[in-house]
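Residue-level listing of the chains:
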Amino acid sequence: MSGRTVLVTGAASGIGQAVCERLAAEGAVLALVDRDQERLAGVAEALGGNGTRHIAIAADVSRENDVRGAIERAVAALGGLRGVVTCAGIFEPSDLGPAADVDLDTFARVLAVNLTGTFLVAKYALPHLMHAAAEAGGSSSIATIGSTAGLRGHGHGAGYTASKGGVISLTRLLAFQYGDKGVRTNCICPGFTDTPMTGGSGRDPVMLRALRRGIPLRRIAQPEEIAALACFLLSDAASYINGQIIAADGGATVT
Ligand code: NAD
C-alpha cells in the first residue's frame, strides 16, 4: 500500500481506526473522515506521531455537502484517491425489538448514516477512483462495511439490518457498474466485533458465553482482524476480487 491514497470514514473509532492504523503501517497516505472531531483529532495525532502522511476531516457522511467537501479536501491534500473504506456507521438501541415497535425516526436515521452515507461517499469518490486507476494502469478499490446482520435475520434491528442489506446490494451494483472502469468494490461483513459500538458487551462473561456458542471459532472478532481484510481488498493481492460479500465472522454464518 506504499504511497497509496486512501479515504477512511468512521476513522475515529473501532474498525475505522484499526483500518487507518493498518493502512498506515503498510505505508498508505490517508484521509481520515468522521463526525466526531475530538476523537478524530486523537487518532490523527497518534498516526502523525508514527510518521504517517494524513489529513483529518470532520464530516457527517449522511450530509451530501459534507461528503462532497470532504472528498474535495482529501483529493486536494493527497493528490488523488486510490482507495476508500466506508466504516462510518451507527447502531441504535431504539432499533432493537420487533420491527412493529421501531419508530420511523430511528429507522430513517440508521439508514441515513449506514446506507445513504455509504452511497454518498461512493458517489463522490468514484470519479477520483476511476481517474487514479487509469493513471496507475491498475485498479482502485472500495471496501464497504456491511454486517452479518445484512446476511441473516437474527434480529439486530430493523433499520440496522435493512441498512446493511442495502450496503451489500449497493456493493454488487458498484462492482458491476464500475469494474470495467478500473474500480473493484467488495463488502466486508463483520460478525460481532469488540469496538465502542458493541460497548464492551463482548467482554461481559455471560454475554460472551452466549455469543461464543454461535461462533465456530468460539471468540468474537478484534477490529484489527477486520482491518486486515480491508487492507487486503484494497491491495493488488486482491486484483481479481470484485463484487464479493465476505463475512469475517469466525464462521458464524455457517451455523
Ligand atoms: P464505532 O462506533 O466504534 O465506530 C463508528 C464510527 O463512525 C465512530 O467514530 C462514529 O463517530 C462514526 N460515525 C457515526 N456516524 C457518522 C456519520 N454520520 N458521519 C461520520 N462518521 C460517523 O463502531 P464500529 O464497531 O467500529 O463500526 C464500524 C462499522 O462496522 C459500522 O458500519 C458497523 O455497522 C460495522 N459493524 C460493526 C460490528 C461490530 O460488532 N462492532 C459488526 C458488524 C458491522
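Look a little higher up for the structure.
Notes on the structure follow.

Quick word on the overall build of the chain
Alright, step 1. Helix and strand content of the chain: seven helices and seven strands.
Alright, step 2. The helix and strand sequence of the chain, counted from the amino end, reads β-α-β-α-β-α-β-α-β-α-β-α-α-β.
Alright, step 3. Relative to a compact globule of 255 residues, whose C-alpha radius of gyration would be 18 Å, the chain shows 17 Å and is just as compact.
Alright, step 4. Summarising its shape, the C-alpha atoms of the chain cover approximately 50 × 35 × 35 Å along the three principal directions.
Alright, step 5. Excluding contacts between residues fewer than 6 apart, the proportion of contacts in the chain whose partners are at least 24 apart in sequence is 71%.
Alright, step 6. As displayed, the chain offers around 11400 Å² of accessible surface, 53% of which is attributable to carbon and sulfur atoms.

What about the sheet that holds strand β6 (residues 183–190)?
Alright, step 1. What the seven strands build is an open sheet, ordered β3-β2-β1-β4-β5-β6-β7; its pairing is parallel. Bordering the open sheet on either side are β3 (54–58) and β7 (245–248), each of which pairs with just one other strand. Averaged over all adjacent pairs, the angle separating strand axes in this sheet is 15°, with direction ignored.
Alright, step 2. Its contacts with the sheet put helix α5 (residues 158–178) on β5 (140–145), β6 and β7, and the angle it makes with β6 is roughly 160°.
Alright, step 3. Across the face of the sheet, helix α7 (residues 223–234) comes into contact with β1 (5–9), β4 (83–86), β5, β6 and β7 while running at roughly 165° to β6.

What about the packing of helix α4 (residues 104–136) against α5?
Alright, step 1. α5 packs onto α4 with a crossing angle of 15° between their chain directions and a minimal axis gap of 8 Å. One way to sum up the angle between α4 and α5 is to call them roughly parallel. In the packing of α4 onto α5, the handedness of the crossing is right-handed. Taking contact as the criterion, the partners of F107, V110, L111, N114, L115, T118, F119, A122, L126 and M130 in α4 are, on α5, A158, G159, Y160, A162, S163, K164, G166, V167, L170, L174 and Y178.
Alright, step 2. By residue class, the composition of the contact of α4 with α5 is 15 nonpolar, five polar and one charged.

Calculation rules
Residues numbered from 1 in each chain as written. Predicted model: local features only at pLDDT ≥ 70, side-chain atom pairs only at ≥ 80, totals over all residues. Heavy atoms only, no water. Helix = DSSP H or I, 4+ residues; strand = E, 2+ residues; numbered from the N terminus. Rg over C-alpha atoms; globule rule 2.2 N^0.38 Å. Contact = heavy atoms within 4.5 Å. Areas by Shrake-Rupley, 256 points an atom, 1.4 Å probe, with all protein chains shown as cover. Pairing = 2+ DSSP bridges. Axes fitted to C-alpha atoms, helices over the stretch in contact; angles between N-to-C directions. Parallel < 35°, antiparallel > 145°, perpendicular 65-115°, else oblique. Left-handed = near helix turned anticlockwise from the far one by under 90°. Nonpolar A, V, L, I, M, F, W, Y, C, P; charged D, E, K, R; others polar.

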